Amino acid sequence: MKTELLTERVALFQGDAAQVAQVLAPSSIDAIVTDPPAGIGLMDKEWDGDRGGREQWVAWLAGVMREALHVLKPGGHALVWALPRTSHWTATALEDAGFEVRDIVMHLFGTGFPKSLDVSKAIDKQKDNREAVLAVTRWIAEARNRAGLTNAQIDAFFGFNGMAGHWTSQGAQPHVPHEDYWPALLELLGVNELPEAIRSLAEGLISDKGKPGPDWFRRPVTGTHKEAAAGQRWLANNGLRSTPAPSSRRDIPATDAARQWQGWGTALKPAAEHWILARKPLVGTVAKNVLVHRTGALNIDGCRSSTEGKERWPSHVTFGEEAATHLSAEVPRFFYVAKPSRAERHAGVGHNFHPTVKPVGLMRWLCRLVTPPGGTVLDLFTGSGTTGIAALAEGFEFVGIEREPEYLALARARIEHALKQVRGEVTP
Ligand SMILES: C[S@@+](CC[C@H](N)C(=O)[O-])C[C@H]1O[C@@H](n2cnc3c(N)ncnc32)[C@H](O)[C@@H]1O
């Protein structure tokens, strides 16, 4: 791993977090505060009922955290970000790595956008072309039999794994071959010319692929969604589009079935993120561990919020600004932090293009909760360096690892700027 920057208080490494134990001494870190990639890309298959994505992701994170466990002091805490939907994966990975899961800090915010399927629209979009698809796959199956071939042989010829089963299926998931495969398929099947009826069916299905069924075009359009309207106006003003895109148009159902399911969706608006709070096993009791290693306990007094002269015990719920405005009477009981301002996000770099920048205030509170005074915080997935800025502001030392050089460059610039602020060389 390449060391990018080293001052007395900060070390940055460019490389894979899984190699952390190769660059840091055993039991040299007081706390881990980290925001790993959500793993959505790896999870694609999971939603189809294939557990491959889940297993792979949990094994990957457990591998990284197992290495991190070596460099953490006994009783040291880890706070690891997770999406609520997959936070049980993150917790499992931490347990598999040898951590003890202690709690989940839930940070509530109000800016999420629901990624929900509009069921009524989906009903009107349906296309009933199964009979046509089955006619094509039936013809291919018969031609296969006439040629004395098996699906495995067709797969081997194209280098596929199971596709011939879909091309010839009369049951589940029948699939018409893409136009590029037809010439080679006909040659393999020993067919000189495709019957006209099958050709026109296949051509129609291929060119219709992905297009909604006829009911969709009968949905009366009544306007544009408010949030999309501005974008639409811009496109229209610039001569790029005169009618609303299907995704932004406001319309009403065309069929009885769609009317019945109007208002039904598949997802809630995201308004929380989880931070899994885990601990490396203690050596002896909490008291002994704290006296020997200074780790094992949480900084309760350092993380209290005060209201009306009362000091509140820190809770495992924290609030972002937007969520807090809806709950103003109750919020003072909780730790509450604004989302990163433009100034905060871009300070020291001109433009911070990292997609998932955390608020410094939240990261300061999390670092303070789990790190003994003057201790060292490790972030295995540093991104643009927000944990580092927060750790330094709290008087801690910081070690960061980031795989992507362009993100590490952002982190270095933001942290150098924060160091200047701490030294009073620039105004915050
Ligand atoms: C969610 S982002 C962290 C963002 C950060 N909290 C911030 O405020 O800028 C996760 C980061 O982990 C990095 N990453 C992904 N896999 C990695 C690996 N194996 N080792 C180190 N870094 C990795 C990604 O490049 C990404 O910048």
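Description of the structure in this document.

## Thoughts on the packing of aromatic side chains
- Tallied over the full model, the rule gives twelve aromatic pairs.
- Taking 6.1 Å as the distance between ring centres and 55 degrees as the angle between the ring planes, the aromatic pair formed by Trp-57 and Trp-60 counts as tilted. A residue pair is termed a helical-turn pair when its members lie 3 or 4 positions apart in one helix, as Trp-57 and Trp-60 do in helix H3 (residues 52-71) at three residues.
- For Trp-60, a relative accessible area of 30% gives the class partly exposed.
- Centroid distance Phe-158 to Tyr-181: 5.6 Å. Interplanar angle 80 degrees. Geometry classified as edge-to-face. Taken as a pair, Phe-158 in helix H7 (residues 151-158) and Tyr-181 in the loop between helix H8 (163-167) and helix H9 (182-189) lie far apart in primary sequence, 23 residues in all.
- Given a relative accessible area of 32%, Tyr-181 falls into the partly exposed group.

## Here's the deal with the state of the cysteines
- Applying the stated criterion across every chain yields a total of zero disulfides.
- No disulfide involves Cys-303; its sulfur sits 9.9 Å from the nearest other cysteine sulfur, which is in Cys-367.
- Cys-367 gets classed as buried once you look at its relative accessible area, which sits at 0%.

## With respect to empty space enclosed by the protein
- Tallying each qualifying case throughout the model produces two cavities of 30 Å³ or more.
- In this structure, the largest cavity encloses a volume near 40 Å³.
- Lining the largest cavity are Pro-36, Pro-37, Ala-38, Trp-57, Trp-81, Ala-82, Leu-83, Thr-86 and Thr-90.
- Residues belonging to the lining of the largest cavity are distributed by class as follows: seven nonpolar, two polar and no charged.

## A short note on the pattern of salt bridges
- This model, assessed by the stated rule, comprises 15 salt bridges.
- Glu-55 serves as the salt-bridge partner of Arg-54, at 3.5 Å between the closest nitrogen and oxygen.
- Among the residues examined, Glu-55 registers a relative accessible area of 48% and is labelled partly exposed.
- We note a salt bridge from Arg-368 to Glu-394, for which the minimum N-O separation is 3.0 Å.

## Remarks on the environment of Thr-34
- Considering the arrangement of structural elements, one finds Thr-34 in strand E3 (residues 29-34).
- Overall, Thr-34 belongs to the buried group, its relative accessible area being 0%.
- Along the primary structure Thr-34 and Phe-381 are separated by 347 residues, whereas in three dimensions their C-alpha atoms are 6.0 Å apart.
- Only 3.3 Å separates the side chain of Thr-34 from the backbone nitrogen of Leu-380, close enough to count as a polar contact.

## Concerning the nonpolar core
- The biggest cluster of nonpolar side chains holds 33 residues, and the ones touching the most others in it are Ile-32, Met-65, Phe-99, Leu-378 and Leu-380.
- Only strand E2 (10-14), E3, H3, strand E4 (72-82), helix H4 (87-97), strand E8 (272-279) and strand E14 (397-402) provide two or more residues apiece to this core.
- Considering each element in turn, this core owes the most residues, nine residues, to H3.
- With residues near it in sequence (within four places) discarded, Met-65 still touches Ile-32, Ala-78, Val-80, Leu-94, Ala-97, Phe-99 and Leu-380.
- One finds Trp-81, Leu-277, Leu-369 and Phe-398 within the second-largest nonpolar core, a separate group that totals 31 residues.

The rules we used
Residues numbered from 1 in each chain as written. Predicted model: local features only at pLDDT ≥ 70, side-chain atom pairs only at ≥ 80, totals over all residues. Heavy atoms only, no water. Phe/Tyr/Trp six-rings, centres within 6.5 Å; stacked < 30°, edge-to-face > 60°. Helix = DSSP H or I, 4+ residues; strand = E, 2+ residues; numbered from the N terminus. Buried < 20%, exposed > 50% of the residue type's maximum accessible area, 1.4 Å probe, protein only. Disulfide = S-S within 2.5 Å. 1 Å grid on protein atoms, 1.4 Å probe; cavity = no way out; pocket = protein on both sides within 12 Å on 5 of 7 lines; lining within 4 Å. Points joined across faces, edges and corners; volume = space filled by probe spheres on them. Nonpolar A, V, L, I, M, F, W, Y, C, P; charged D, E, K, R; others polar. Salt bridge = Lys/Arg side-chain N within 4 Å of Asp/Glu carboxyl O. Polar contact = N/O pair within 3.5 Å; in protein donor to acceptor, adjacent residues only side chain to side chain. Core = buried A, V, L, I, M, F, W, Y, C linked by side-chain atoms within 4.5 Å. Contact = heavy atoms within 4.5 Å.

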